[in-house]
Amino acid sequence: MTVVGKHILIGISGGIAAYKIPELIRQLIKQGAEVRVTTTRNALQFVTETTLQTLSGAPVYTDVFAAINEHATEHISLPQWADLMLVAPATANVVAKCAAGIADDALTTTFCSCLARKPILVAPAMNDKMWESPATRHAIETLRSFANVTVLEPAEGQLACGVSGKGRMPEPDELTEAVIAAMTPKTLLGKRVLLTAGPTVEPLDPVRFISNFSTGKMGYALARECLRRGAEVILVSGPCDQHIIGHDDMLSLRRVQTAREMADAAVSAFREADLAILCAAVADYRPETVAPEKIKKQADTDEMTLRLVENPDTAAMLGSQKRPNQVLVGFALETEAEEENALRKMQRKQLDYIVLNSLRETGAGFGTDTNRVTIFAKDGTKKDCPLASKETVACQILDAILI
Ligand code: CTP
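Conventions adopted
Residues numbered from 1 in each chain as written. Predicted model: local features only at pLDDT ≥ 70, side-chain atom pairs only at ≥ 80, totals over all residues. Heavy atoms only, no water. Helix = DSSP H or I, 4+ residues; strand = E, 2+ residues; numbered from the N terminus. Buried < 20%, exposed > 50% of the residue type's maximum accessible area, 1.4 Å probe, protein only. Pairing = 2+ DSSP bridges. Axes fitted to C-alpha atoms, helices over the stretch in contact; angles between N-to-C directions. Parallel < 35°, antiparallel > 145°, perpendicular 65-115°, else oblique. Left-handed = near helix turned anticlockwise from the far one by under 90°. Contact = heavy atoms within 4.5 Å. Nonpolar A, V, L, I, M, F, W, Y, C, P; charged D, E, K, R; others polar. Domains from an automatic or database assignment. Polar contact = N/O pair within 3.5 Å; in protein donor to acceptor, adjacent residues only side chain to side chain. Phe/Tyr/Trp six-rings, centres within 6.5 Å; stacked < 30°, edge-to-face > 60°. Lys NZ or Arg CZ within 6 Å of the ring centre and 35° of its normal. Near = heavy atom within 4 Å. Areas by Shrake-Rupley, 256 points an atom, 1.4 Å probe, with all protein chains shown as cover. Patch = residues over 30% accessible without salt bridge, like charges linked within 9 Å, V, L, I, M, F, W, Y side chains within 5 Å. Salt bridge = Lys/Arg side-chain N within 4 Å of Asp/Glu carboxyl O.

A. Expanded view of unusual backbone geometry. At the junction of Ala 88 and Pro 89, the peptide bond is cis and its omega measures out at -10° in the coordinates. Its place among the elements puts Pro 89 in strand E3 (residues 84-90). A positive phi angle, near 40°, is found at Ala 337, a position not held by glycine. Using a relative accessible area of 39% as the deciding quantity, one classes Ala 337 as partly exposed.

Okay, here's the thing in structure tokens:
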């Protein structure tokens, strides 16, 4: 799911990590969310009201009694407006007050009134000794016992006081991912999904290889969405620049280079998988031999012949091993007779679904941020999806698959 049009309420308390919240606001707005902000008075020692107001495009709620307040009862109306509240950074003081139901400023009154009705994420950030304090432990356990509150684990690393320890607030991109994941219904909870993504590379010699233009964007967007929906993901990835933020406990990333390595990794992971989505652009052929030294230019000829041999077809291998309760989804990137070729591929590889993307469509294909796909199911149904970001296309695909 995306956060397009969603209302995110951020509560900032007075810790040094507050300086990172303007970047978080920017990222959430870039993702299409609307953001409002409430702060403690101390938070304004670290980040200015003007910055927060400029970036969020809305007044900042800092004082319960300020005459300028839009409705005079923002601590009631803001939670009503919000789809989710994120308290970041949450200092030891604010964690303790929120756990105890103390409501003595703009942030804590808003938290208190949000608690009964909206999902809340809390990102504690403090000195490691304060994090370990029995009082903080007790408050954190109390917060965790509230049905709609999720407490994000602070990271280990360099703290503002100069020591290294546990207590760092997650980075803005990790918080953005946590917000999106928290808002995504857990429709794949308990499922294990195998994904292949990116290109494969087939070496010719120590410095050269055969590959293709795949960037891995679509496969990684699918992996991200599966994780957001609660699945455990095994991502078999060819070399690419994509990465997944967060979800460390649910993601197993297996990096491979060649089609044969990809086939080995996918076949062994498929045994335990409920769903496999094969998004990788696999090299169908590889050089018959890999030269141990760099191949030198020949002085006596202006030609060079490469002998290629066929690679294993992961999709076809999984199709032949598939159990009745497993779902197998392939991709087809075609440049001509698209539908016919895609349907033939689905049958030949014994797939349950095939996702067709055409290189002839503007905004679809390698390296673009958007895609336009048609999803065919083996029962003969067909779903034409509109052009959308690859994140949204990942949702369209997962919504169409029955597992
Ligand atoms: N695939 C695979 N292993 C291969 C080749 C393809 O797992 N060696 C998978 C792709 O990940 C994709 C589907 O099979 O899900 C179709 O890939 P595509 O390259 O379109 O099909 P090919 O079978 O290679 O046919 P062609 O290149 O002739 O179009």
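B. Representation of the sheet that holds strand E13 (residues 275-278) in the model. Strand order in the open sheet formed by eight strands is E12-E11-E8-E13-E16-E17-E19-E20, and the pairing between neighbours is mixed. What marks the edges here is a single partner per strand, and that holds for strand E12 (251-255) and strand E20 (382-384). Each adjacent strand pair in this sheet contributes to an overall mean axis angle of 15°, direction not counted. The sheet contact formed by strand E19 (residues 373-377) and E20 spans three bridges and is antiparallel.

C. Structural context of the packing of helix H10 (residues 259-270) against helix H11 (residues 314-321). It is at 10 Å that the axes of H10 and H11 come closest, and there the two elements cross at 25°. When the axes of H10 and H11 are compared, the pair comes out roughly parallel. Judged by the sense of rotation from one axis to the other, the crossing of H10 with H11 is right-handed. Here Met 262, Ala 263, Ala 266, Val 267 and Phe 270 of H10 come into contact with H11, specifically with Thr 314, Met 317, Leu 318 and Gln 321. For the contact of H10 with H11, the residue count by class is seven nonpolar, two polar and no charged.

D. Expanded view of the domain arrangement of the chain. Taken domain by domain, the chain comprises domain 1 (7-183) and domain 2 (192-288 + 307-400). At the boundary of domain 1 with domain 2, the tally comes to two residue pairs in polar contact (both at pLDDT 80 or more). A class-by-class count of the residues in the side of domain 1 that touches domain 2 yields two nonpolar, no polar and three charged.

E. Spatial organisation of the packing of aromatic side chains. Taken as a whole and judged by the stated rule, the model has zero aromatic pairs. Sitting above the plane of the Trp 81 ring, Arg 36 keeps its charged end 4.7 Å from the centroid.

F. A look at the site of the ligand. What surrounds the ligand is a group of 14 residues, the closest being Leu 278, Ala 280, Phe 331, Lys 345 and Lys 349. In the environment of the ligand, an oxygen atom lies 2.7 Å from a nitrogen or oxygen atom belonging to the backbone of Ala 280. One nitrogen or oxygen atom from the side chain of Lys 345 is found 2.6 Å from an oxygen atom belonging to the ligand. Protein chains shield 78% of the accessible area of the ligand, which is 570 Å² for the free molecule. Counting residues per element, the ones that place at least two in the shell around the ligand are H11 and strand E16 (327-334). For the shell around the ligand, the per-class residue count stands at eight nonpolar, two polar and four charged.

G. Representation of the sheet that holds strand E2 (residues 34-39). The sheet built from five strands is open, its strands ordered E2-E1-E3-E4-E5 with parallel pairing. Two strands close off the open sheet at either side, each with one partner strand: E2 and strand E5 (149-151). Direction aside, the axes of adjacent strands within the sheet are offset by 20° on average. Two strands pair when backbone bridges link them, and strand E1 (residues 7-12) and E3 are joined in this way by four bridges, in the parallel orientation. Each residue of the ladder has a partner; that of Leu 9, found in E3, is Met 85. Relative to the sheet, helix H1 (residues 21-30) contacts E1, E2 and E3, its axis offset from that of E1 by approximately 175°.

H. Local environment of a nonpolar patch on the surface. A cluster of nonpolar side chains, namely Phe 213, Leu 333, Leu 359 and Phe 366, defines an oily patch on the protein surface of about 390 Å² accessible area. One can find Leu 359 in the loop between strand E17 (353-358) and strand E18 (370-371).

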